[in-house]
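Commentary on secondary and tertiary structure
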Amino acid sequence: MSRRCELTGKAVLSGHKVSHSNHKTKRTFRPNLVQVSLLSEALGKPVRLRVSAHALRSVEHRGGLDAFLNKASELELSQNARELKRKIAKASEAPAEQAAAS
């Protein structure tokens, strides 16, 4: 499993650890990834994702998983999140069509 956030695309970065004497040694900066279950209102069920703590705050700020995915770019999402975005869009279209028909 790659160390990449499924929602924001945040991944491992590399750089230097710099000592007091200015010695530079290679190191990696890993994202703070957590396994969470986020509730999708359109699907009516929880969805398990591996996201960064920063993405979790962003999801809460935008008003939930559905709102976050609607606004997110397809390029930064993982394959699993892209499929989830399509399912949510399809599920949110169905009630709108039913309301328009009646």
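So, how was this worked out
- Residues numbered from 1 in each chain as written.
- Predicted model: local features only at pLDDT ≥ 70, side-chain atom pairs only at ≥ 80, totals over all residues.
- Heavy atoms only, no water.
- Pairing = 2+ DSSP bridges.
- Helix = DSSP H or I, 4+ residues; strand = E, 2+ residues; numbered from the N terminus.
- Salt bridge = Lys/Arg side-chain N within 4 Å of Asp/Glu carboxyl O.
- Buried < 20%, exposed > 50% of the residue type's maximum accessible area, 1.4 Å probe, protein only.
- Core = buried A, V, L, I, M, F, W, Y, C linked by side-chain atoms within 4.5 Å.
- Contact = heavy atoms within 4.5 Å.
- Phe/Tyr/Trp six-rings, centres within 6.5 Å; stacked < 30°, edge-to-face > 60°.
- Lys NZ or Arg CZ within 6 Å of the ring centre and 35° of its normal.

Once that is clear, we can look at the pairing of strand β1 (residues 13-18). On a regular strand, each side chain points to the face opposite its neighbour's, so the side chains alternate between the two faces of the sheet. The pairing of β1 with strand β2 (residues 24-29) spans six bridges and is classified as antiparallel. Within β2, the position partnered with His-16 by the bridge is Lys-26.

With that settled, consider the pattern of salt bridges. Applying the stated rule across the entire model yields one salt bridge. Across the pair Arg-86 and Glu-74 runs a salt bridge, and its minimum N-O distance is 3.8 Å. A residue pair is termed long-range when its members are at least 10 positions apart, and Arg-86 in helix α3 (residues 79-101) and Glu-74 in the loop between α2 (65-71) and α3 qualify at twelve residues. Among the residues examined, Glu-74 registers a relative accessible area of 31% and is labelled partly exposed.

This part is about the nonpolar core. Side chains that are nonpolar tend, in soluble globular proteins, to be buried together. In this structure, Leu-7, Leu-38, Leu-49, Val-51, Leu-65, Leu-69 and Leu-84 are the most contacted members of the largest nonpolar core, which totals 18 residues. For this core, the elements supplying multiple residues, two or more each, are β3 (33-40), β4 (45-52), α1 (53-62), α2 and α3. Residue contacts for Leu-65: discarding those within four places in its chain leaves Leu-7, Leu-38, Leu-39, Ser-40, Val-47, Leu-49, Val-59 and Leu-84.

Here the focus is the packing of aromatic side chains. Taken as a whole and assessed by the stated rule, the structure comprises zero aromatic pairs. Lying over the aromatic face of Phe-29, Arg-27 brings its terminal NZ or CZ to 3.8 Å of the ring centre.

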